[in-house]
Amino acid sequence: MSEAFAYDSAVPRPSAQIVTLRPPAKTSENIAAGDDRRIDVLGVGISPANLPDVVATLDSWRTKGLKGYVCCVSVHGIVTAQRDPKIRAALNGAQIATKDGMPMAWWCRRSGDAASRRVCGSDLFDAVCRYGIERGYRHYFYGGSPAVVEQLAQRVKEAYPGIIVAGYRSPPFRALTPEEDAAYIAEISASGADFVWVGLGMPKQERWMAQMFGKIEASALLGVGAVFDFYAGTKPRAPLWMQRSGTEWLFRLASEPRRLAKRYLIDNSIFVGLTIRHIVRQGFRRGANKDLGPSRLSA
């Protein structure tokens, strides 16, 4: 079994024990009424919060000893959720489901949040890493190949001087045994990580976070997919103008046509078709959320 692993036992770990809170399940009423609002995008609840709000929320979880997990939801995630009820449940169970893609931001704007902006995994990763340097955030990286995760850890230290990398792990590319799961839970918790960045790809990382939520002693598990490759330098990211115009998918498709053709050509077409049907049947209505399932904040 080829794995990359590192854990810095020399870095002091916090001694305070983190407990897990489980507030009542969200309903259509309390989703629409407060800061926990979700916008229903084809059965998946998307958080309208913008990047500064998400970063502030994550910092609040750490300060208060809460736990949660964060899904960065793209068109691929929405379409996958139509096929797989377990993935839909994992997305709706997340405490934060960000708008990872311009279509999500556009949908939120049409639903009444005029100031809604994209919150993609790369931007979230950068913002949390920068914000946490002076606050002593401890980061753990889980996923990617051994070469990618090692390169990621090194480049993050270079890009963010003073950042604390509590550890990293490249798990095997297969289903883990219960014993392996237990060992990784113990390993990550022992590192004292505040934020566990998960780069297993959609939908594997969403399944993993939903399964591990409440078991790992960290403030947040954050699924960021290809961010590991972007920061490790193994895959290029689209120019800023393509990111902002909603055409980043074309850049990624051109970069990896064999791997991404189905995701972007077929899934995008399905999403457009479902969106047109939604508009014809319902239109975009402000606050038109339904009960999308339980979302628990962990304590």
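The paragraphs below set out a description of the structure included in this document. (Residues numbered from 1 in each chain as written. Predicted model: local features only at pLDDT ≥ 70, side-chain atom pairs only at ≥ 80, totals over all residues. Heavy atoms only, no water.)

Here we take up the overall build of the protein. If you tally the helices and strands in the protein, you get 13 helices and nine strands. Out of the 299 residues belonging to the protein, those deemed buried represent 51%. Long-range contacts, defined here as pairs at least 24 residues apart, represent 77% of the contacts in the protein between residues at least 6 apart. For the protein, the computed accessible surface area is about 13,700 Å², with 56% contributed by carbon and sulfur atoms. (Helix = DSSP H or I, 4+ residues; strand = E, 2+ residues; numbered from the N terminus. Buried < 20%, exposed > 50% of the residue type's maximum accessible area, 1.4 Å probe, protein only. Contact = heavy atoms within 4.5 Å. Areas by Shrake-Rupley, 256 points an atom, 1.4 Å probe, with all protein chains shown as cover.)

This part is about the packing of aromatic side chains. This model, assessed by the stated rule, comprises ten aromatic pairs. Among the aromatic residues, ring-to-ring pairing joins Phe125, Phe141, Trp197, Phe228 and Tyr231 into one connected group. In this structure, Arg135 is placed above the aromatic ring of Tyr131, and the distance from its NZ or CZ to the ring centre is 3.6 Å. (Phe/Tyr/Trp six-rings, centres within 6.5 Å; stacked < 30°, edge-to-face > 60°. Lys NZ or Arg CZ within 6 Å of the ring centre and 35° of its normal.)

Quick look at the pairing of strand S4 (residues 68–73) now. Counted residue by residue, S4 has six buried out of six residues, so it is predominantly covered. Where S4 lies against strand S5 (residues 96–99), four bridges are found, and the strand directions are parallel. Paired with Cys71 across the bridge in S5 is Ala97. (Pairing = 2+ DSSP bridges.)

Here we take up the packing of helix H2 (residues 51–64) against helix H6 (residues 121–132). Angle between the axes and distance between the axes: these two values describe a pair of packed helices. At their nearest, the axes of H2 and H6 sit 10 Å apart, and the two run at 50 degrees to each other. With respect to H6, the element H2 is oriented oblique. In this structure, H2 crosses over H6, and the sense of that crossing is right-handed. Only Asp123, Leu124, Ala127, Val128 and Tyr131 of H6 make contact with H2, whose side of the interface consists of Leu51, Val54, Val55, Leu58 and Asp59. Residue classes in the contact of H2 with H6 are distributed as eight nonpolar, no polar and two charged. (Axes fitted to C-alpha atoms, helices over the stretch in contact; angles between N-to-C directions. Parallel < 35°, antiparallel > 145°, perpendicular 65-115°, else oblique. Left-handed = near helix turned anticlockwise from the far one by under 90°. Nonpolar A, V, L, I, M, F, W, Y, C, P; charged D, E, K, R; others polar.)

Among the nonpolar cores identified, the biggest contains 41 residues, and Ile78, Tyr142, Val196, Trp208, Ile216 and Phe271 are the most heavily contacted of them. A total of four residues in this core trace back to one element, the largest contributor, which is helix H3 (residues 75–83). Once residues lying within four places of it in the same chain are set aside, the contact partners of Trp208 are Tyr142, Ile188, Val198, Leu200, Ile216 and Leu221. The next biggest cluster of nonpolar side chains, apart from the first, holds 33 residues, and it includes Val165, Tyr168, Trp197 and Val224. (Core = buried A, V, L, I, M, F, W, Y, C linked by side-chain atoms within 4.5 Å.)

A few words on the packing of H3 against helix H4 (residues 85–93). Where H3 contacts H4, the two axes come as close as 5 Å, and the packing angle between them is 130 degrees. Between H3 and H4, the interaxial angle falls into the category oblique. Along the contact surface, H3 presents Gly77, Thr80, Ala81, Gln82 and Arg83, while H4 presents Pro85, Ile87, Arg88 and Leu91.

Before going further, it helps to spend a moment on the pattern of salt bridges. Throughout the structure, instances matching the rule amount to seven salt bridges. Taking the shortest distance from any N to any O, the salt bridge between Arg207 and Asp84 comes out at 3.5 Å. Residue Arg207 is located in helix H9 (residues 204–212), and its partner Asp84 is located in the loop between H3 and H4; the two are separated by 123 residues in the primary sequence. By relative accessible area, which is 43% here, Arg207 ends up partly exposed. (Salt bridge = Lys/Arg side-chain N within 4 Å of Asp/Glu carboxyl O.)

Turning our eyes to something else, we now look at helix H5 (residues 102–110). Buried within H5 we find Met102, Met104, Ala105, Trp107 and Cys108. Where H5 terminates, the next one or two residues include Gly112, which has phi positive at roughly 120 degrees.

Next up on the list: a nonpolar patch on the surface. A surface patch of nonpolar side chains, about 240 Å² in accessible area, is lined by Leu265, Ile266 and Ile270. Relative to the assigned elements, Ile270 resides in helix H13 (residues 257–281). (Patch = residues over 30% accessible without salt bridge, like charges linked within 9 Å, V, L, I, M, F, W, Y side chains within 5 Å.)

The residue after Met202, namely Pro203, is reached through a cis peptide bond having omega 10 degrees. Looking at the secondary structure, you find Pro203 in the loop between strand S8 (195–199) and H9. Here the phi dihedral of Leu42 falls at roughly 55 degrees; this positive angle occurs in a residue that is not glycine. For Leu42, the position within the fold is in the loop between strand S2 (39–41) and strand S3 (44–46).

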